[in-house]
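Okay, here's what each chain looks like letter by letter:
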Amino acid sequence: MKEAATMGKINSEWHREHRMPANATRAQRAAWHYEHAQHCGCRVLTPSITSLLVSEGYEIPRRTSEAAASD
Ligand SMILES: [Zn+2]
């Protein structure tokens, strides 16, 4: 059993506490995706999300698997 390292699992508790506003601005969406990437693995960071984060001044959160692969 090594479930602790598994990515791609939804953090339903986080989602319950972090609802995306219906008419979210770019800044709100960027903030949401930035937090989301660090607390939940239910979605991959698509190119459109990463470019949104960059344009709003965020650093792109690294997934553990990608960080390991790039070294
Ligand atoms: Zn999620």
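Refer to the structure printed above.
Note that the structure is a prediction, hence the values are computed from the model and not measured.

Conventions adopted
Residues numbered from 1 in each chain as written. Predicted model: local features only at pLDDT ≥ 70, side-chain atom pairs only at ≥ 80, totals over all residues. Heavy atoms only, no water. Axes fitted to C-alpha atoms, helices over the stretch in contact; angles between N-to-C directions. Helix = DSSP H or I, 4+ residues; strand = E, 2+ residues; numbered from the N terminus. Parallel < 35°, antiparallel > 145°, perpendicular 65-115°, else oblique. Left-handed = near helix turned anticlockwise from the far one by under 90°. Contact = heavy atoms within 4.5 Å. Nonpolar A, V, L, I, M, F, W, Y, C, P; charged D, E, K, R; others polar. Donors = N, O, S within 2.8 Å, 3.2 Å for Na, K, Ca; no water. Tetrahedral: all angles 85-135°; square planar, octahedral: opposite > 155°, others 65-115°. Buried < 20%, exposed > 50% of the residue type's maximum accessible area, 1.4 Å probe, protein only.

Would you take a moment to explain the packing of helix α2 (residues 26–39) against helix α3 (residues 47–55) for this structure?
If you want to describe how two helices pack, look at the angle between their axes and the distance between the axes. Two numbers describe how α2 lies on α3: the axes approach to 9 Å, and their chain directions differ by 115°. For the element pair α2 / α3, the angle class is roughly perpendicular. Note on packing geometry: the crossing formed by α2 with α3 is left-handed. Here R26, R29, A30, H33 and Y34 of α2 lie close against α3, whose contacting residues are I49, L52, L53 and S55. When grouped by side-chain class, the residues that make up the contact of α2 with α3 number 5 nonpolar, 2 polar and 2 charged.

Just to check I follow, could you spell out the coordination of the zinc ion for this structure?
Each pair of donors in an ideal four-coordinate tetrahedral metal site encloses 109.5 degrees, whereas pairs in an ideal six-coordinate octahedral site enclose 90 or 180 degrees. Distances from the zinc ion to its protein donors, H15 (NE2), H36 (NE2), C40 (SG) and C42 (SG), fall at 2.0 to 2.4 Å. Given 4 donor atoms and angles of 105 to 112° at the metal, the environment of the zinc ion is assigned as tetrahedral. Between the donor residues of the zinc ion, the gaps in sequence give the motif H-x20-H-x3-C-x1-C. Pair noted here: H15 is in helix α1 (residues 12–17) and C40 is in the loop between α2 and α3, with a separation of 25 residues, a long-range link. By relative accessible area, H15 is classed as buried at 18%.

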